[in-house]
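Topology and contacts: notes
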Amino acid sequence: MDRIPILRMGETLLVTIQVDMQDQTALTLQDDLAGQIAKTGASGVMIDISALEIVDSFVGRMLTSISGIARILSATTVVVGMQPAVAITLVELGLSLEGVRTALNVERGMELLQRAREESSLGH
Amino acid sequence: MKNDYAPLLGALRDEEEPIIDEWMAELPGADVGARRAARAEASELLRKLRESLQAGADPEGFESADWASVRDTLSGLSRSRAAQGQTAEATSLFVLALKKPLFASLQRRLAAQPEALGPALWSLSTTVDRLAQHTVSTFQQVREDIIRRQQEELLELSTPVVKLWEGVLAVPMIGVLDSSRTQMVMEALLQRIVETGSGLAIIDITGVPTVDTLVAQHLLKTVTAIRLMGADCIISGIRPQIAQTIVHLGIDLQGVSTKATLADALSLALQKTGWRITRDK
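So, here is what we can say about the structure in this document.

Basis of the calculations
Residues numbered from 1 in each chain as written. Chains lettered and ligands numbered in written order. Predicted model: local features only at pLDDT ≥ 70, side-chain atom pairs only at ≥ 80, totals over all residues. Helix = DSSP H or I, 4+ residues; strand = E, 2+ residues; numbered from the N terminus. Buried ≥ 20, exposed ≤ 12 C-beta atoms within 10 Å, placed from the backbone. Contact = placed C-beta atoms within 7 Å. Axes fitted to C-alpha atoms, helices over the stretch in contact; angles between N-to-C directions. Parallel < 35°, antiparallel > 145°, perpendicular 65-115°, else oblique. Left-handed = near helix turned anticlockwise from the far one by under 90°. Nonpolar A, V, L, I, M, F, W, Y, C, P; charged D, E, K, R; others polar. Core = buried A, V, L, I, M, F, W, Y, C linked by C-beta atoms within 7 Å.

**Considering the overall build of chain A**
- Looking only at helices and strands, one finds four helices and five strands in chain A.
- Its helices and strands in sequence order give chain A the pattern β-β-α-β-α-β-α-β-α, from N to C terminus.
- Burial statistics for chain A: of 124 residues in total, 40% are counted as buried.
- Of the contacts made within chain A by residues no fewer than 6 positions apart, 78% connect residues no fewer than 24 positions apart.

Laid out in structure tokens, this is it:
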């Protein structure tokens, strides 16, 4: 079974999805990610789905729930590099990924996470 | 059954030239070139008809393979006439005009045996009617093809995605928004966002005549898709009446930036992307 690697870059966890997501892969990723956020105390999670060409409602829901889980563990999630076809599919499925932050590419995603970090430090 | 077609076949074989002459005389006046073209078509059609009848084709089963060559000839005829802008009426009249000379010919041939005349005329009538029917249906099909192609061209023409500024794209929507239009605009816009890496898209609906719940739903879908890609969206060109309609219909545009004009949207976009414009004087 595929296991998606989670890379740590400073305070950010980087997940790059490069295979078609099976339901089991998605569930494992969710588990791993929750564990990693808790363990490393990361403040940001970036999920790069630029290589993902096929999504179903399950993967869409997984993105939402990962974002929810991360928020509870006080980390911001940003989904980057979504393909047009994937965006259209998700919209047609009625999934708008409420509460999930998005960015065009990894660079902008990093900026967004940086900003979120600054905002939260101001809030404290 | 076969016997009913024997006199018709005989007429086609022996009197081809006189029949064509009479046929052409039946047609309303046209210039010399058109007449010559019509004559060539007529003789081609008669030849194909004769061959098919000779091969034992049955006009009752006009859709069968026996009639393929006749059908092709007729299709070609209708197609060229549709392209020339002739009416369906004129095209079917051209084929139906064949009836009279063949009628006369059969009458002459079967003058001695009136009991055979009835079935022979009936078979002739069926055949020519089938030919005419086929012409009209092909004609219609060709017209529909033309209309469909024009619709597609119009669809492509009406959805340009333009770059307004570094990182700012705009789509001026013109005409009624339906699902296929929205789909097309959405795809084109998302594709351009990926290509240019633009963080902001402005959808201008100045040219959209009315906004109802369906149109609003289409717009919201586009906005959601843009957001999912990681870009932002502003809807501009909302006229006062349309703003009223949106509120009366109870459409929720919360979370979507809206501006009255494209200029306002652009200045908001520049502000969001961190540009500041100053004027010298």
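Let's pick the thread back up.
**Observations regarding the overall build of chain B**
- Scanning chain B from terminus to terminus reveals 11 helices and five strands.
- For chain B, with 281 residues in total, the buried portion stands at 32%.
- Expressed as a percentage of contacts within chain B between residues at least 6 apart in sequence, the contacts between residues at least 24 apart total 73%.

**Details of the packing of helix 2 (residues 16-26) of chain B against helix 6 (residues 99-109) of chain B**
Residue and element names in this part refer to chain B.
- Where helix 2 meets helix 6, the closest approach of the two axes is 8 Å, and the angle between their N-to-C directions is 140°. By the angle between their axes, helix 2 is oblique relative to helix 6. For the pair helix 2 and helix 6, the sense of crossing is right-handed. Residues Ile19, Glu22, Trp23 and Glu26 of helix 2 pack against Lys100, Pro101, Leu102 and Ser105 of helix 6.
- By residue class, the composition of the contact of helix 2 with helix 6 is four nonpolar, one polar and three charged.

**Points about the nonpolar core**
- Core analysis: the biggest nonpolar cluster contains 70 residues, and Ala87 of chain A together with Ala201 and Met229 of chain B have the highest contact counts within it.
- Here this core gets seven residues from one element, more than from any other, and that element is helix 9 (residues 213-229) of chain B.
- Ignoring sequence-local partners within four residues, the contact set of Met229 of chain B consists of Met82, Pro84, Ala87, Thr102 and Leu104 of chain A together with Leu190 and Ile193 of chain B.

**Details of the interface of chain B and chain A**
- In this assembly, 15 residues from chain B lie in contact with 14 residues from chain A.
- Breaking the side of chain B that touches chain A down by element, the ones donating at least two residues are helix 8 (179-196) and helix 9 of chain B.
- It is helix 9 of chain B that provides the largest number of residues to the side of chain B that touches chain A, a total of six residues.
- A class-by-class count of the residues in the side of chain B that touches chain A yields seven nonpolar, five polar and three charged.

**A closer look at the environment of Gly56 of chain B**
All names here are of chain B.
- Positionally, Gly56 belongs in the loop between helix 3 (32-54) and helix 4 (68-84).
- Residue class for Gly56 comes out exposed when judged on the 9 C-beta atoms lying within 10 Å of it.
- A sequence separation of 11 residues divides Gly56 from Trp67, and the C-alpha atoms of the two residues are 10.0 Å apart.

Without other data, these values stay purely geometric and don't point to any function.
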